[in-house]
Amino acid sequence: MNKPLGVTVIRHIVDSQRLHPEATGDLSGLLNELIVAGKTISAEVNMAGLADILGMSGKTNIQGEKVQKLDEFANNTIKKRMARCGYLCVMTSEEEDDIIPVEDGYEGKYTLAFDPLDGSTNIDVNVNIGTIFSVHRRRTKWGQGGWEDMLQRGRDQVAAGYILYGSSTMLVFTTGEGVQGFTLDPSVGEFYLSHPDIRTPERSKYLSVNEGNSHYWPENVRRYIDALKEKDKEKGRPYSCRYIGSLVADFHRNLIAGGIFIYPRDNKDPEKPYGKLRLLYEAAPLAMLIEQAGGRAITDDGINILDITPDSLHQRVPLIIGSKLDVDEAEGYLG
Ligand code: AHG
Ligand code: MN
Ligand code: MN
């Protein structure tokens, strides 16, 4: 059977670049290197049960979380490849305390923030995990980049996306002109366009939240989440609860089928008053994607995620993200 001629990522970027004759091809070069890293991680994830790559690495990261071997593998794979891709001047990873320099002589005009493996607690139980990435244009003029290049608002991202390692490996990204989804054909090692111009449903079907934290939420957040569980035929409520503990997988399901994901602040740990999710490499890239797909992303006090200027690399933010009508309604409870 001759396979249909799939649209590869490069084909898609070249086609869209025709609309931008000024494009230098650097961003597509950067994405392409990220894709090679993603394919490498995907191959390892798919073999994780057989290779000696499950379980803990014995290390703890700046988040105070135990680092899984696959976290470390994914982090090193991306760091090594991107440090000499020639398109970046500085990087930040969830797994690294400080900014990551690129190789001297390979400085480029973009910055990269990434969560090498999101949903780590699911690695050993074969549940979807993923890599999340965020790209900005550098602010400094030349040489190695620094903190001022990394600490930029989500609104100023030039690209954002994720690679989801699941029943199939998918790449979903935006460069500000809609959201494109590609599926990996492992037999040829190519990502083909499978979900062009993704639009998220205006109204949710699913509620994604860790109810185990409900006693620690602010009162107005609890009232809003309770409202999503009340009978309301017109709004299709009560919503079904779907929460698998991998933000990237919960986000992807909600992006396609319609849903609202909520990780509010809680008073469980006075050290972490703003919840668990990080702005630079989780909330901001997903906020760009959801806005490009017609949805919204705010904090639990109604601030648009994309308007927050980070004050540190691993700053945490409460996150409410998903279908537009639901986030609009949430605002009424929270502002
Ligand atoms: P990471 O594995 O990169 O640390 O991220 C895990 C995050 C996110 O993926 C998920 O939504 C959330 O942790 C789950 O947190 P809880 O277990 O507290 O619900
Ligand atoms: Mn994560
Ligand atoms: Mn992670």
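Comments concerning the domain arrangement of the chain
And step 1. Domain annotation of the chain identifies domain 1 (9–195) and domain 2 (206–334).
And step 2. On a C-alpha basis, the centroid separation for the pair domain 1 and domain 2 is 23 Å.
And step 3. At the junction of the two partners, domain 1 supplies 48 residues and domain 2 supplies 35 residues.
And step 4. When domain 1 packs against domain 2, the two sides together hide about 3100 Å² of surface, and 62% of this comes from carbon and sulfur.
And step 5. At the junction of domain 1 with domain 2, the criterion picks out three salt bridges.

Quick notes on the coordination of the manganese ion (ligand 2)
Each pair of donors in an ideal octahedron of six around a metal sits at 90 or 180 degrees, and each pair in an ideal tetrahedron of four sits at 109.5 degrees.
And step 1. The coordination sphere of the manganese ion (ligand 2), as far as protein atoms go, consists of Asp115 (OD), Asp118 (OD) and Glu282 (OE), spread over 1.9 to 2.1 Å.
And step 2. The metal-metal distance between the manganese ion (ligand 2) and the manganese ion (ligand 3) is 3.7 Å, with Asp115 coordinating both. Separated by 167 residues along the polypeptide, Asp115 in strand E5 (residues 110–118) and Glu282 in helix H7 (residues 279–292) bring together distant segments of the chain. Both residues of the pair, Asp115 and Glu282, belong to the buried class.

Some points on the site of ligand 1
And step 1. By nearness alone, 18 residues border ligand 1, and Asp118, Gly119, Tyr243, Leu247 and Tyr263 come closest of all.
And step 2. Between ligand 1 and the protein, one listed contact pairs an oxygen atom with a side-chain N or O atom of Glu94 at 3.0 Å.
And step 3. Measuring from an oxygen atom of ligand 1, one finds a side-chain N or O atom of Arg278 at 3.2 Å.
And step 4. Mapped by element, the contributors of at least two residues to the shell around ligand 1 are E5 and strand E13 (259–263).
And step 5. Per-element accounting of the shell around ligand 1 gives the leading share, three residues, to E5.
And step 6. Tallied by class, the residues present in the shell around ligand 1 amount to six nonpolar, five polar and seven charged.
And step 7. Three or more residues apiece are contributed to the shell around ligand 1 by two domains, here domain 1 (9–195) and domain 2 (206–334).

Calculation criteria
Position numbers for residues count from 1 along each chain, tracking the sequence in the order it is written. For this description, chains carry letters from A and ligands carry numbers from 1, given in the order in which they are written. In view of the model being predicted, local features appear only for residues whose pLDDT reaches at least 70, and side-chain atom pairs are presented and counted only at 80 or more, with totals across whole chains, interfaces and linings using the full set of residues. Excluded from the side-chain calculations are hydrogens and water; all other atoms, namely the structure's heavy atoms, are used. Domain start and stop points were drawn from an automatic or database domain assignment. Any two residues whose heavy atoms approach within 4.5 Å at even a single point are treated as in contact. Two parts lose some accessible area (1.4 Å probe) when they are put together, and adding that loss for both gives the buried area. Any Lys or Arg side-chain nitrogen found within 4 Å of a carboxyl oxygen on Asp or Glu counts as a salt bridge. For Na, K and Ca the donor cutoff is 3.2 Å, while for all other metals N, O and S atoms must lie within 2.8 Å; water is not among the atoms, so some sites may look incomplete. Where helices and strands are cited, they refer to DSSP runs of H or I of at least four residues and of E of at least two residues respectively, numbered from the N terminus. Exposure classes here rest on a 1.4 Å probe applied to the protein chains alone. A residue is buried below 20% of its type maximum, exposed above 50%, and partly exposed in between. Distances are taken per atom, and a residue is near a molecule or strand as soon as one of its heavy atoms is within 4 Å of it. Whenever two N or O atoms come within 3.5 Å, that pair is a polar contact, provided that in protein one can donate a hydrogen and the other can accept it, and provided that, for residues adjacent in sequence, both atoms are side-chain atoms. Amino acid classes used here: Ala, Val, Leu, Ile, Met, Phe, Trp, Tyr, Cys and Pro are nonpolar; Asp, Glu, Lys and Arg are charged; the rest, including Gly, are polar.

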